Amino acid sequence: MTHSKAYDVIVIGAGHAGCEAALAPARMGLSTCIFTMNLDTIGHMSCNPAIGGLAKGHIVREIDALGGEMAKVTDWAGIQFRMLNKSKGPAVWSLRAQTDRVLYRLRMHRVLETQKNLDIKQAMIDEIIVENGRVKGVKTSLGIVYEAGAVIVTTGTFLKGLIHIGHETHQAGRAGEFPSVSLSDCLSKLGLKLGRLKTGTPPRLDAKTIDFQKTEPQFGDDPPIPFSHSTERIENPQLPCYITYTNEETHRIIRDNINLSAMYSGKITGIGPRYCPSVEDKVVRFSGRERHQVFLEPEGLDTNEYYANGISTSLPFDIQLEFVRTIPGLEHAEIMRPAYAIEYDFVFPTQLRHSLETKSIEGLFLGGQINGTSGYEEAAAQGLMAGINAALKLQGRGPLLLARHEAYTGVLIDDLVTKGTKEPYRMFTSRAEYRLLLRHDNADLRLMQKGHDIGLLGDEVFNRFTEKRSEIEIETVRLKKTRIKPAVINDTLKDAGTSVISEDITLENLLKRPEMSYDVIKRLMPSERSFSSDVEKQVEIQVKYEGYIKRQMEAAERLARTGDKNIPDSIDYRSLPGISKEILCKLEEVRPTSLGQAGRIPGMTPAALSLIMIAVEKLRRSGPGPDVVQADS
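Below, the structure is looked at part by part.

Criteria and cut-off values
Positions within a chain are numbered from 1, following the residues in the order the chain's sequence is written. Whole-chain, interface and lining totals are the exception, using all residues; otherwise, since this is a predicted model, local features are given only for residues with pLDDT of at least 70 and side-chain atom pairs are given and counted only at 80 or more. Excluded from the side-chain calculations are hydrogens and water; all other atoms, namely the structure's heavy atoms, are used. Secondary structure elements are defined from DSSP: runs of H or I of at least 4 residues count as helices, runs of E of at least 2 residues count as strands, and each element is numbered from the N terminus. Only C-alpha atoms enter the radius of gyration; for comparison, a globular chain is expected to reach 2.2 Å times N to the power 0.38, where N is the number of residues. The classification of residues rests on relative accessible area computed with a 1.4 Å probe and restricted to protein chains. Under 20% of the type maximum is buried, over 50% is exposed, and intermediate values are partly exposed. It only takes one pair of heavy atoms within 4.5 Å for two residues to be counted as in contact. Here the accessible surface of atoms and residues is derived via Shrake-Rupley with a 1.4 Å probe, and residues count as covered only by protein chains that are part of the display. By definition, two strands form a pair when at least two bridges between them are found by DSSP. All axes are obtained by fitting lines to C-alpha atoms, using only the stretch in contact for helices, and the reported angles, taken between N-to-C directions, cover 0 to 180 degrees.

Some words on the overall build of the protein chain
Alright, step 1. If you tally the helices and strands in the protein chain, you get 20 helices and 22 strands.
Alright, step 2. Computed over its C-alpha atoms, the radius of gyration of the protein chain comes to 26 Å, within 12% of the 26 Å expected for a compact globule of 633 residues.
Alright, step 3. In the protein chain, which comprises 633 residues, the share counted as buried stands at 55%.
Alright, step 4. Nonlocal contacts in the protein chain, meaning residues at least 24 apart in sequence, comprise 74% of its contacts between residues at least 6 apart.
Alright, step 5. Here the protein chain has roughly 26600 Å² of accessible surface; of this, 50% comes from carbon and sulfur atoms.

Some points on the sheet that holds strand 13 (residues 204-206)
Alright, step 1. One open sheet accounts for six strands, arranged 14-15-16-17-13-18; its pairing is antiparallel. Single-partner strands in this sheet number two, and they are strand 14 (216-218) and strand 18 (335-337). The mean inter-strand angle of the sheet, taken between neighbouring strand axes irrespective of direction, is 35 degrees.
Alright, step 2. One ladder, built from four bridges, connects strand 16 (residues 293-298) with strand 17 (residues 305-309); its direction is antiparallel. Across the sheet, residue Pro-298 finds its bridge partner in strand 17, namely Tyr-306.

Quick notes on the sheet that holds strand 3 (residues 50-52)
Alright, step 1. Ordered by their spatial adjacency, three strands build an open sheet running 3-5-4, and the pairing between neighbours is antiparallel. Across the chains shown, the open sheet's two edge strands, defined by having one partner strand only, are strand 3 and strand 4 (78-84). Neighbour-to-neighbour, the strand axes of this sheet turn through a mean angle of 20 degrees, independent of strand direction.
Alright, step 2. Sheet analysis places strand 4 next to strand 5 (residues 94-99), joined by six bridges and oriented antiparallel. Following the sheet pairing, Gly-78 is matched in strand 5 by Thr-99.
Alright, step 3. The strands touched by helix 3 (residues 70-77) within the sheet are strand 3, strand 4 and strand 5, with strand 4 carrying the most contacts at an inclination of about 115 degrees.

Okay, structure coming up:
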């Protein structure tokens, strides 16, 4: 049967990517339906009970600035907040939060349930219906057809998911849940190329059996710093984490039983995450290390369950228990949930446009781990962008394409669709060329205007932002224009260990000194207006790093002037003389939309790029065709 109600957008999967993918079009006024195999696991944190971290925290702030939900729910459920890298420059500051796993899930579930224009249905999707190269809807395992103008697939690790614990294997999307087999076959039949990846999770331990006296407590920031720009304060009680270490006995047990690991016995064919290896990988690859860090992270306020971050494994349960009990503080630990590895199908992301729409099927979008990424944050960012662009497409508007100098989300998507991935992709600050432009603190200044323009960010939040932006400008101008006399400042300069002045100096130039802070400026020559701490922090960063920021902006603009040039979709790369077979294959796989994107294809040479530029100029002189697509920088 065909369901009586047709939708604008259908989302398959209700994990972190799916929730954002469904909320975005619904908030933009489109009728949306999200399908999940289990209504009780909407927004479930299937791995670690934490959000953010290095570069990932930047992404969460960007999601919030565009009008997404992850940051708000994290603030609601957060039980420890820490700003990482505070000893370094602001470009690499990153917020991380431990969350109450149950509170997070319940809150996200409630947000979806109360969202206007959004229906939630429990069903397994077996087929995506495509006619004449365009998506038409989906079919459930019960044979019910739901029609839609766009479909977003956010299936996480569920596509032919296979769990491994030692030599024992069983099909599952994650522990205790069915995998999606038919949908994976459907995507393959539709012509999409699929690969196989692997990830894992550590054991969960009973707090009653942990001797925390033998561990190092790690406390969060006081007061805690929220993720969302609209959160005023964190209400939950804050809990510490605890640090302990593996040792040589731990490593001996693992080495002696390495043949029982699913990773090392050949049972797993998928490629695992390079930057979050299993404990077996650590022991083998870093054999000279005497110990490895283990973080004991609370799963919530009302549970004894602790997540043993750092000892992800696919060893048998009895071996897990044996090596866990060699770790200080865990000598009598009981495992509440065993560790396991899971392998699953993913779609090679070079088959996507920057909008996350598939190149071969109009109206079909993919987001999250199905595109080869790891992590809740990367998944949520993709889900949000897929949801936004599906809505914009149905509204007859151009896609929202974030450039690499505008957002880590832009770096993430550009890396995926241009370079592809053969292992779970994880975001790092080092992947961005313009880190000083993409700071944690300025996500709202970079992206809130875009979120409001597309209709995803409400007027109340946007008006607060415009007021903040205005106040930053007002105070920055004051610092530029106001001068201070030597008699007023020299004693302070002496105390700070910096050189005194012999003539008047602007407050701006004074603040540029490494030894000076905005607090000192405010104390000596306060503004007539009072500003929030966010405004003061932003003013200080912009003044102190003005030269560096300006140079990065100029570099980004230079790159944009050449990289923004469109490449017509009709270009025939095979007709270009002197193009190697290797580069030809990559060009035809990626089909870059701009010269900038072409230049970032792995293995691209200056000679080949010059040939493409010449061909583009010839096509441009002959007149643009109807199939020229919007470029990204």
